[in-house]
Every structure is written in structure tokens, then in C-alpha cells.
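# A look at the structure
So the chains spell out like this:
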Amino acid sequence: MKTRIALYGALREADASGHVELDVPAGSSIAELRELLAAHLAEHAPAIPAGLVRCSAFASAEEILHNHRSVPEGVELAVLPPVSGG
Amino acid sequence: MDDLHVAVVERRMAALDVAEALAFVSDPRFGGIATFIGRVRDHNVGRVVTGISYDLFEPLALRTFRAIGERARAEVGAPLKLWIAHAKGDLAIGDLAVVVAAGTPHRDEAFRACRLAIEAVKHEAPIWKREHYVDGDSAWSEGCSLCEEQRDAERHDHAGHAHGH
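What you see is a predicted model, and the numbers here were worked out from it, not measured in a lab.

### Here we look at the overall build of chain B
- Each helix and strand counted, chain B has four helices and eight strands in total.
- Its C-alpha atoms give chain B a radius of gyration of 17 Å, within 12% of the compact-globule value 15 Å for 165 residues.
- Seen along its three principal axes, the alpha-carbon backbone of chain B occupies a region of about 50 × 40 × 30 Å.
- When contacts within chain B are restricted to residue pairs at least 6 apart in sequence, long-range pairs at least 24 apart make up 73% of them.
- Between the centroid of the 20 positive side chains of chain B and the centroid of its 26 negative side chains there is a distance of 3 Å.

Below is the structure:
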């Protein structure tokens, strides 16, 4: 399934459109999505530091989705690098 | 809930308003109001800063602010009115970046609620700061990971992650 992931903070530099779309096998976990995104960025946005996806969180508009969670179907996700508000 | 106001304010549309925050948390029951005002400063780590830009994942930021408000209410164990507002977009030196105001019956509860809320906003809300420097360069600030596994790893590495930001 296609999963659209919105980019924030330093990860916005990865794609001027502000998002990436990945082909994710049904039933994948967030940990697996993390690997797919890291591989995608290594190929398409080599300027992004390799470790940035590892310390980023995935989220829907409602909540943070930790590694053991399944990738929800038909929901746009966001990838959130370390935060620096305030 | 009427006792909690959360907002993300686009700088082009308006500045954060402290008077509005104080009016919101005022109440005849309350003898204490604590506020935290975060402003854009002109330097960071030895570099001259000319402005900053805030990026937010707005729906989750607002949910996070509300969750923080509920946690503050449970933590202080007293009647509480709480205001949490954060700016978005391009800010100049001196602009208000964040305003937290807490109104409670007594000062201790107000200070505790205000401190809890601002620390949680800084460490948990999906907000990113990009600093612009006098030489034309700019950089995203180093931040605090929201990833559970990464946080656990940091705890083991540094035994208590100093949280200087």
C-alpha cells in the first residue's frame, strides 16, 4: 500500500514537496516503515544525516506511533525529528 | 474544557498576547498567576541570531498541549486555568515564541503548573526551530527525540540527559 509521510523540521530538506510516498507492505510495523524511509532518503536525499530517521518519531494527527505499532492503512503519517519548541 | 486554552498562532496573522492570557486565567477563586514568556533572543551558542522560524505539526501540537494541560491539572491537585500558546512562522528578535499562564488559588500551584507545562511543551510538542544567523546561514536546532527507543538509549548513554535546551 502507498503511505504518504509528511516531513517536518530538518527532514523537510529531504523533499521540497514536504512529503514522501512509500510503498509499504500491508501489515508492516512502524519499525519496518522506519527502515523503508531511511533507505528511501539514503537514495533520494543523501544530504540528510543517516541517523536522523533513527531518532525521529512517527505520528498520525492523533498520536505518536511507536516502533511496535502497525502502519495504519489509508492514513497520512508524519515523521517528527527531535523537537525544539519554546 | 473552558479552563484550558491552547493555540498555535501564525506570526503573520498576530503576535502572542500576554494580556489575553492573563485575562483568561484570572478567576475570583484564584490568588496566584504564574506566567512564562519565551522570546526570540539575538544569540545562541556564540552565534549572532537575526530571527527564527518555527515549524509545527499543528493538529498533534494542539492535542499535545491539551494532554499537557490535563497532566498539569492532575499534578497540581487544585482548581487550575491554563493557557498555552505557541507562535508559528517567521519571528524577529524580541517576538514572543511561547506564552504559558497558570491561574490557581495559591502561588505554589501556579508555579508548579506553569513549570510543568513549559517543560513539557519544550520536550514533547512537535515543534521545530530554525535559527537564522547574521552571516546568512541558518540551521535547525538540535532537539529532544520523541522516539521511545531513542529516548531509552539516551537515558542509558548519559544517565539523565541534561536537557539544556
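### Structural notes on the pairing of strand β7 (residues 127-133) of chain B
Residue and element names in this part refer to chain B.
- Here β7 lies mainly inside the structure; six of its seven residues are buried.
- With seven bridges joining them, strand β4 (residues 47-56) and β7 adopt antiparallel strand pairing. Across the sheet, the residue bridging to glycine 51 is histidine 132, located in β7.
- Of the pairings in the sheet, the one linking β7 to strand β8 (residues 138-140) comprises three bridges and is antiparallel in character. Bridge assignment links glutamate 131 to a residue of β8, and that residue is alanine 139.
- Taking the residues that link successive antiparallel strands as the turn, the β7-β8 hairpin has four residues, and the phi of glycine 136 there is positive, at about 95°.

### Some thoughts on the nonpolar core
- Core analysis: the largest hydrophobic core is formed by 44 residues, its most contacted members being B:Phe65, B:Leu82 and B:Ile84.
- Among the elements of the structure, β1 (4-10), α1 (18-25), β4, α2 (58-76), β5 (81-92), β6 (96-104), α3 (107-124) and β7 of chain B are those that each provide at least two residues to this core.
- The dominant element in this core, judged by the number of residues it contributes, is α3(B), at eight residues.
- Those residues in contact with B:Leu82 that sit more than four places away from it in its chain are B:Asp3, B:Leu4, B:His5, B:Phe24, B:Val25, B:Gly69, B:Ala72, B:Val100, B:Ala101, B:Ala102 and B:Ala117.
- Counting residues in hydrophobic clusters, the runner-up holds 21 residues, among them A:Leu22, A:Val24, A:Leu33 and A:Leu37.

### Comments concerning unusual backbone geometry
All names here are of chain B.
- Although it is not a glycine, valine 45 sits at a positive phi angle of roughly 45°.
- Looking at where valine 45 falls in the secondary structure, it is placed in the loop between β3 (43-44) and β4.
- Taking the relative accessible area as the measure of exposure, valine 45 reaches 76% and is therefore exposed.

What counts and how
Residues numbered from 1 in each chain as written. Chains lettered and ligands numbered in written order. Predicted model: local features only at pLDDT ≥ 70, side-chain atom pairs only at ≥ 80, totals over all residues. Heavy atoms only, no water. Helix = DSSP H or I, 4+ residues; strand = E, 2+ residues; numbered from the N terminus. Rg over C-alpha atoms; globule rule 2.2 N^0.38 Å. Contact = heavy atoms within 4.5 Å. Lys, Arg positive; Asp, Glu negative; His and termini not counted. Charge placed at Lys NZ, Arg CZ, Asp CG, Glu CD. Buried < 20%, exposed > 50% of the residue type's maximum accessible area, 1.4 Å probe, protein only. Pairing = 2+ DSSP bridges. Core = buried A, V, L, I, M, F, W, Y, C linked by side-chain atoms within 4.5 Å.

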